[in-house]
Amino acid sequence: MIEIHSVTIDAADPYELASWWSTATGLPLGEGDQPGDDEVMLRTERDPYFLFIRVPEGKTVKNRLHLDVNGTAGRTRDEEVERLLELGATVHADLRRPDGTGWVTMLDPEGNEFCVCRSQAERES
């Protein structure tokens, strides 16, 4: 048996990307993390946490692993997509269906894919 300690995300600028995800998720940066650091953490209440590490190469292909997220604070999937667009994400693929199901694949500022799914309330209705 293993425990997942962290989810590690390659980045050209770990502090900038972690800061973007901090704003998007509300998770705080690691204590003492600052611009120019090669490793920057997003703290969670318990493991796994998110670790952004500097790598020399840029992203060139589709992620083999990605995050699926949904809105909190009463926001719907569509409201969350709009909020993330305002923060600087872009839409990669809009897979919403007329019946309200589906998701939106978005890209963070460094091009990493993540999917915005319906909120729990939307799934229950």
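Attention in this report is confined to the structure presented alongside it. Position labels on residues start from 1 in each chain and follow its written sequence. Whole-chain, interface and lining totals are the exception, using all residues; otherwise, since this is a predicted model, local features are given only for residues with pLDDT of at least 70 and side-chain atom pairs are given and counted only at 80 or more. Side-chain metrics rest on all non-hydrogen atoms present in the structure, leaving aside hydrogens and water.

## What to know about the overall build of the protein chain
Okay, step 1: Helical segments are the DSSP runs of H or I of at least four residues, strand segments are the runs of E of at least two, and each set is numbered from the N terminus. What the protein chain contains, in helices and strands, is 3 helices and 7 strands.
Okay, step 2: For the protein chain, the succession of helices and strands along the chain, N to C, is β-α-β-β-β-α-β-β-β-α.
Okay, step 3: Radius of gyration here is computed from C-alpha atoms only, and the compact-globule reference equals 2.2 Å multiplied by the residue count raised to the power 0.38. Taken over the C-alpha trace, the protein chain has a radius of gyration of 15 Å; the compact-globule value for 125 residues is 14 Å, and the two agree within 12%.
Okay, step 4: For the C-alpha atoms alone, the extent of the protein chain along its principal axes is close to 45 × 35 × 30 Å.
Okay, step 5: Exposure is judged per residue with a 1.4 Å probe applied to protein chains only, and the accessible area is read against the type maximum: over 50% gives exposed, under 20% gives buried, and values in between give partly exposed. Residue burial in the protein chain is summarised as follows: out of 125 residues, 34% are buried.
Okay, step 6: Computed with the Shrake-Rupley method and a 1.4 Å probe, the accessible areas treat only the protein chains shown as cover for residues. For the protein chain, the computed accessible surface area is about 8,100 Å², with 51% contributed by carbon and sulfur atoms.
Okay, step 7: The charge count includes Lys and Arg as positive and Asp and Glu as negative, but it does not include His or the ends of the chains. Taken as the charge location is NZ of Lys, CZ of Arg, CG of Asp or CD of Glu. Positive and negative side-chain charges of the protein chain, numbering 13 and 25 respectively, have mean locations separated by a distance of 7 Å.

## Notes on the sheet that holds strand S1 (residues 6-11)
Okay, step 1: Following DSSP output, two strands are said to pair if at least two bridges run between them. With respect to topology, 3 strands assemble into an open sheet ordered S1-S3-S2, the strand pairing being mixed. Taken across any chain shown, the strands that pair with only one partner, and hence form the sheet edges, are S1 and strand S2 (39-42). For this sheet the average axis-to-axis angle between neighbouring strands, irrespective of direction, equals 25 degrees.
Okay, step 2: One ladder, built from 4 bridges, connects S2 with strand S3 (residues 49-54); its direction is antiparallel. When the sheet's bridge partners are listed, Glu-39 is paired in S3 with Ile-53.
Okay, step 3: Sheet contacts for helix H1 (residues 14-25): S1, S2 and S3; angle to S2, the most-contacted strand, approximately 10 degrees. Interaxial angles span 0 to 180 degrees and are taken between N-to-C directions of axes, which are lines fitted to C-alpha atoms, for helices over the stretch in contact. The contact criterion used throughout is that any non-hydrogen atoms of two residues lie within 4.5 Å.

## Some points on the sheet that holds strand S5 (residues 90-94)
Okay, step 1: If you walk across this open sheet you meet the 4 strands as S4-S7-S6-S5, and the pairing is mixed. Only two strands of the sheet have a single partner each, and these edge strands are strand S4 (67-70) and S5. In this sheet, adjacent strand axes meet at a mean angle of 35 degrees when their direction is disregarded.

## Examining the side chain of Thr-105
Okay, step 1: Residue placement: Thr-105 occurs in strand S6 (residues 104-107).
Okay, step 2: Since its relative accessible area comes to 10%, Thr-105 is described here as buried.
Okay, step 3: When residues no more than four places from it in sequence are discounted, the contact partners of Thr-105 are Thr-90, Val-91, His-92, Ala-93, Leu-95, Glu-113, Phe-114 and Cys-115.

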